[in-house]
Amino acid sequence: MGFETFVGLTLSGLTVGMIYALVALGYTMVYGVLKLINFAHGEIFTVGGYLGATFLIWIGIEDGIPLPLKILYVILAFLFSMILTATLGWSVERFAYRPLRKMTRIAPLLSAIGVSIFLQNLILLVFGVDPIIMPVAAIPEGYIPVFGANFRYLAVIIIVFSLILMGGLTLFIKKTRLGKAMRATSQDREAAEMMGINTNMTISLTFIIGSALAAIAGILVAMYYGTLKFDTGFLYGIKAFTAAVLGGIGNIPGAVIGALVLGLAENYGVGLKLGILAYFFILGLIVGLAYQFYFLPREARKKALFNLADRFSYDEGSLSKVKILNYCYYGGWISGFYFLFKERRDSLVRIHARQAIRVGFANTFLFLVTLIFFLNSNYKISSEWQNGITFLVLMLVLIFKPAGILGEHIPEKV
Amino acid sequence: MVLLETINLTKYFGGISAVKKFNFKINEGEIVSIIGPNGSGKTTFFNLVSGLYKPDSGDILFEGESLVGLRPDQISNKGIARTYQTLRIFGNMTVLENVLVGMHPRLQSNFFHSLLHTLKVRREEKEAREEAIKILSYFKGRLTGPRLNHPASSLSYANRRRLEICRALANHPKLLLLDEPAAGMNPSETIEMMEQIKEIRDKGYTIILIEHDMKVVMGASDRVVAMDHGEKIAEGGALEVARNPLVIEAYLGKKGAQIA
């Protein structure tokens with residue numbers, strides 16, 4: 001694999017990751033305030049994309065018109081779609097979830113699945129089976145060369161735009177009065193009501209923001225791939241949900257990180273045509289690093305991430321952990337068992353050894369998977385495996401850190 | 001002037017009456033304590049007043065207007081704030097943010113103001129912040145200084161109780177409902193809390209207090225109402241109620257009362 005391929009994969013991984021992040025934010029915010037997995041969110045994303053594309057087709061965007069006007073049309077398409085999709089998101093909450101809010105937790109969940117199917121059928125009914133095609137004139141053309149790889153302008157726009165949106169959302173939630181109301185509602189709805197916060201309105205606002213972000217993601221996907229199908233949102237929804245869980249559901253920065261990890265893993269997994277050892281090493285390294293990170297005391301984590309030398313400057317206890325991890329990197333099974341028998345007198349170490357065996361298992365598993373790929377497809381992993389890899393990453397992360405990378409956002413009722 | 005009045009207030013849970021034909025009155029500027037053994041309906045009464053429960057019959061009048069049927073946030077905006085027996089502060093938010101959330105209804109900025117971050121919003125936020133610090137300083141440096149930006153979950157138990165009171169005060173309520181503010185505090189903290197409740201009253205608030213600690217009840221309240229099985233069994237001055245045979249019986253049982 002050349003360096004250009006690597007850069008190219010990283011960039012497209014980031015682009016796709018950003019889009020997942022925009023969708024994942026909707027999942028995670030709704031989970032935060034309602035503890036509900038809004039399965040209809042994927043379809044809301046599709047509707048957003050369809051509406052944007054429809055607007056652009058309807059307004060008649062074409063190559064002949066001047067650039068400023070084109071940009072204006074595209075901005076109008078975004079606004080049009082965001083407003084309508086936000087209205088849709090609001091009505092879904094108002095009519096499908098709110099009446100069920102006081103029932104068991106499973107009732108709104110079923111309702112969410114129902115809404116998801118309903119919306120998919122609605123799109124079929126209105127737009128037909130054929131995918132909608134984004135007018136070519138609306139898609140920014142051209143490439144920027146980055147270390148030999150070609151990077152689409154559109155991808156740059158997606159990344160920058162998403163970063164701005166996420167930054168804005170974070171500020172909104174952290175700083176503003178309504179953001180504080182949202183956080184209060186997600187921590188303790190009853191107490192928030194006591195503070196005079198209209199929690200129904202806050203919940204509606206959550207759905208409105210989440211849906212508007214999904215609409216943006218929908219249009220961006222339609223631009224990136226050129227088309228959108230009635231069921232595109234299903235897969236995006238599932239993946240964005242995975243990203244939200246990966247980062248720790250209910251946790252906003254977590255959703256973004258989870259989405260980026262997922263986007264990158266997907267692209268590396270599919271695109272890298274590495275020798276088997278290199279592949280094994282990279283995945284093992286990711287697992288091992290994640291695990292090491294998990295082991296270290298909280299305050300040491302940051303240091304360890306950025307400074308390799310620091311990793312070896314802890315007391316005996318942490319040192320032995322580092323030792324185990326090194327065993328894990330290189331030995332998998334064997335090292336785990338070796339460790340277990342060598343130092344089994346110390347029960348604490350034995351616990352660590354058991355963890356080491358778990359890492360060992362994971363590494364062996366990865367090794368076998370890689371071996372299968374190696375034997376089957378001559379170093380190549382075909383793109384059909386993309387979704388498989390997505391969920392492999394999810395499983396691996398959750399095995400070692402059940403609450404997600406940044407931890408589940410569990411409201412502390414104190 | 002009567003601030004809050006309940007008329008034959010009744011609430012059933014299944015067949016059991018948690019609050020039964022409860023008549024209660026509080027004048028502006030008063031501190032009234034409600035005492036009674038566990039399960040006597042004190043907290044249910046608070047939940048009824050603050051709108052968490054709907055009464056089965058009877059009426060709650062606040063400044064002459066009925067509160068029955070209003071949502072908790074609407075009642076809060078009419079000027080009633082409360083604290084909980086089991087603390088309900090927002091643990092993931094900072095001390096300052098907790099109080100700012102309490103101010104939520106009083107602030108003007110809406111979604112679009114916040115988006116544009118107008119001058120008005122900035123001025124309002126600055127004022128809110130200053131006022132929040134002022135309220136937090138009622139408790140003399142226990143919640144101010146570096147603690148302002150600590151997550152509320154890092155506070156000690158007593159400080160959480162104090163923070164919850166600050167949060168309740170943030171919306172300038174006319175009536176403050178305190179549910180066992182001194183629960184879990186040590187004797188010196190309890191005495192401090194008693195003094196502070198009086199100071200808060202002197203700032204112009206009217207307070208209903210649920211409390212078990214008789215020292216606080218005696219020291220702080222103008223009037224005491226005793227409840228048992230959801231009904232009012234005695235009312236009057238603190239000493240008078242404490243000596244009432246019905247009250248002693250409610251706490252100690254018939255036999256205990258005879259011995260006492």
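As the structure is a computational prediction, the values presented were derived from the model and not from experiment. (Residues numbered from 1 in each chain as written. Chains lettered and ligands numbered in written order. Predicted model: local features only at pLDDT ≥ 70, side-chain atom pairs only at ≥ 80, totals over all residues. Heavy atoms only, no water.)

1. Observations concerning the overall build of chain A
Alright, step 1. Looking only at helices and strands, one finds 16 helices and four strands in chain A.
Alright, step 2. Burial statistics for chain A: of 414 residues in total, 53% are counted as buried.
Alright, step 3. Considering only contacts within chain A whose residues lie at least 6 apart along the sequence, 74% involve residues at least 24 apart.
Alright, step 4. Looking at chain A as shown, the accessible area adds up to about 19300 Å², and 70% of this sits on carbon and sulfur atoms. (Helix = DSSP H or I, 4+ residues; strand = E, 2+ residues; numbered from the N terminus. Buried < 20%, exposed > 50% of the residue type's maximum accessible area, 1.4 Å probe, protein only. Contact = heavy atoms within 4.5 Å. Areas by Shrake-Rupley, 256 points an atom, 1.4 Å probe, with all protein chains shown as cover.)

2. So, the packing of helix 5 (residues 153-175) of chain A against helix 6 (residues 177-187) of chain A
Residue and element names in this part refer to chain A.
Alright, step 1. Interhelical geometry of helix 5 versus helix 6 gives an angle of 75 degrees and a closest axis separation of 5 Å. Judged by the angle between their axes, helix 5 and helix 6 are roughly perpendicular. For the pair formed by helix 5 and helix 6, the contact residues are Phe-172, Ile-173, Lys-174 and Lys-175 on the first element and Arg-177, Leu-178, Gly-179, Lys-180, Met-182 and Arg-183 on the second.
Alright, step 2. The class makeup of the residues in the contact of helix 5 with helix 6 is four nonpolar, one polar and five charged. (Axes fitted to C-alpha atoms, helices over the stretch in contact; angles between N-to-C directions. Parallel < 35°, antiparallel > 145°, perpendicular 65-115°, else oblique. Nonpolar A, V, L, I, M, F, W, Y, C, P; charged D, E, K, R; others polar.)

3. A look at the interface of chain A and chain B
Alright, step 1. Contacts between chain A and chain B engage 28 residues on the former and 32 residues on the latter.
Alright, step 2. The junction of chain A with chain B conceals about 2900 Å² of combined surface from both sides, 58% of it contributed by carbon and sulfur atoms.
Alright, step 3. Here chain A is connected to chain B by three salt bridges.
Alright, step 4. Salt-bridge contacts for Arg-183 of chain A lead to Glu-97 of chain B; the nearest nitrogen and oxygen are separated by 3.0 Å.
Alright, step 5. Across the contact surface, chain A and chain B share eight residue pairs in polar contact (both at pLDDT 80 or more). (Buried area = accessible area lost by both parts, 1.4 Å probe. Salt bridge = Lys/Arg side-chain N within 4 Å of Asp/Glu carboxyl O. Polar contact = N/O pair within 3.5 Å; in protein donor to acceptor, adjacent residues only side chain to side chain.)

4. Some thoughts on the sheet that holds strand 10 (residues 231-236) of chain B
Residues and elements named next belong to chain B.
Alright, step 1. The strand order across the open sheet built from six strands is 6-7-8-3-9-10, with neighbouring strands paired in mixed fashion. Of all the strands in the sheet, just strand 6 (80-82) and strand 10 have a single pairing partner and so form its edges. Pairwise comparison of adjacent strand axes, ignoring direction, gives a mean angle of 20 degrees for this sheet.
Alright, step 2. Where strand 6 lies against strand 7 (residues 175-179), three bridges are found, and the strand directions are parallel. Note on strand 7: the bridge partner recorded for Ile-80 is Leu-175.
Alright, step 3. Taken strand by strand, helix 6 (residues 157-169) contacts strand 6 and strand 7, and its axis lies near 160 degrees from that of strand 7.
Alright, step 4. Where helix 7 (residues 187-202) meets the sheet, it contacts strand 3 (31-35), strand 7 and strand 8 (206-210), and its direction lies at approximately 155 degrees from that of strand 8. (Pairing = 2+ DSSP bridges.)

5. Thoughts on the sheet that holds strand 2 (residues 16-27) of chain B
Residues and elements named next belong to chain B.
Alright, step 1. The antiparallel open sheet is built from four strands, whose spatial order is 2-1-4-5. Whereas interior strands pair on both sides, the edge strands pair on one side only; in this sheet they are strand 2 and strand 5 (65-66).
Alright, step 2. For strand 1 (residues 2-13) and strand 2, the ladder comprises eight bridges, and the chain directions are antiparallel. Residue pairing for strand 2: Lys-11 is matched across the bridge by Val-19.
Alright, step 3. Where helix 1 (residues 42-49) meets the sheet, it contacts strand 1, strand 2 and strand 4 (57-62), and its direction lies at approximately 115 degrees from that of strand 1.

6. A closer look at the domain arrangement of chain B
All names here are of chain B.
Alright, step 1. As assigned here, chain B comprises domain 1 (1-79 + 175-260) and domain 2 (88-172).
Alright, step 2. Taken over C-alpha atoms, the centre of domain 1 sits 27 Å from the centre of domain 2.
Alright, step 3. With 18 residues of domain 1 at the interface, the matching set in domain 2 holds 14 residues.
Alright, step 4. Together, Gln-196, Ile-200 and Tyr-205 form the three largest contributors to the area buried by domain 1 at its contact with domain 2, with a combined 29%.
Alright, step 5. Taken together, the connections running from domain 1 to domain 2 amount to one salt bridge.
Alright, step 6. Linking domain 1 to domain 2 there are one residue pair in polar contact (both at pLDDT 80 or more).
Alright, step 7. Listed by contribution, the elements that provide at least two residues to the side of domain 1 that touches domain 2 are helix 2 (72-78), strand 7 and helix 7.
Alright, step 8. Top contributing element to the side of domain 1 that touches domain 2 by residue count: helix 7, with six residues.
Alright, step 9. Among the residues forming the side of domain 1 that touches domain 2, the class breakdown is eight nonpolar, four polar and six charged. (Domains from an automatic or database assignment.)

7. Topic: the side chain of Ser-116 of chain A
Residues and elements named next belong to chain A.
Alright, step 1. One can find Ser-116 in helix 4 (residues 106-127).
Alright, step 2. The exposure class of Ser-116 is buried, given its relative accessible area of 9%.
Alright, step 3. Of note is the side chain of Ser-116, whose polar atom sits 2.9 Å from the side chain of Glu-43.
Alright, step 4. Leaving out residues up to four positions away in the same chain, Ser-116 has contacts with Phe-39, Ala-40 and Glu-43.

8. A few points about helix 8 (residues 199-225) of chain A
Residue and element names in this part refer to chain A.
Alright, step 1. Look at helix 8: 39 Å from first C-alpha to last across 27 residues, which is about the 39 Å you get at 1.5 Å a residue.
Alright, step 2. With respect to burial, helix 8 is a largely interior element, 23 of its 27 residues being buried.
Alright, step 3. Where helix 8 begins, one side-chain oxygen reaches toward the backbone nitrogen of Asn-200, 3.3 Å away; that side chain belongs to Asn-198.
Alright, step 4. Where helix 8 terminates, the next one or two residues include Gly-226, which has phi positive at roughly 90 degrees. (Expected span 1.5 Å × (residues − 1).)

9. Some points on the environment of Met-194 of chain A
Alright, step 1. In this fold, Met-194 of chain A is placed in helix 7 (residues 189-194).
Alright, step 2. For Met-194 of chain A, the residues in contact, after removing those within four places along its chain, are Ser-50, Leu-52, Pro-72, Ser-76, Arg-82 and Tyr-84 of chain B.

10. Considerations on a nonpolar patch on the surface
Alright, step 1. A contiguous nonpolar patch, built from Leu-67, Leu-69, Ile-71, Leu-72, Ile-75, Leu-76, Leu-79, Phe-80, Ile-83 and Leu-84 of chain A and spanning about 850 Å² of accessible area, is present on the exposed surface.
Alright, step 2. As for its position among the elements, Leu-72 of chain A is in helix 3 (residues 67-97). (Patch = residues over 30% accessible without salt bridge, like charges linked within 9 Å, V, L, I, M, F, W, Y side chains within 5 Å.)

11. Section: empty space enclosed by the protein
All names here are of chain B.
Alright, step 1. What the rule picks out here adds up to five cavities of 30 Å³ or more.
Alright, step 2. By volume, the second largest cavity amounts to about 50 Å³.
Alright, step 3. Lining of the second largest cavity is provided by Leu-48, Gly-51, Tyr-53, Lys-54, Pro-55, Ile-60, Leu-67, Val-68, Gly-69, Leu-70 and Ile-75.
Alright, step 4. Per-class residue counts for the lining of the second largest cavity are eight nonpolar, two polar and one charged. (1 Å grid on protein atoms, 1.4 Å probe; cavity = no way out; pocket = protein on both sides within 12 Å on 5 of 7 lines; lining within 4 Å. Points joined across faces, edges and corners; volume = space filled by probe spheres on them.)

12. Looking at the pattern of salt bridges
Alright, step 1. Per the stated rule, a full pass over the model turns up 19 salt bridges over all chains.
Alright, step 2. Lys-70 of chain A is the partner of Asp-63 of chain A in a salt bridge, and the nearest nitrogen-oxygen pair spans 4.0 Å.
Alright, step 3. For Glu-65 of chain B, the salt bridge identified is with Lys-78 of chain B, shortest N-O distance 3.4 Å. With Glu-65 of chain B in strand 5 and Lys-78 of chain B in helix 2, this pair connects stretches of sequence that are 13 residues apart.
Alright, step 4. The class of Lys-78 of chain B is partly exposed, set by a relative accessible area of 29%.
Alright, step 5. Each of the salt bridges in this network shares a partner with another, and the network as a whole consists of Glu-30, Arg-223, Lys-232 and Glu-235 of chain B.

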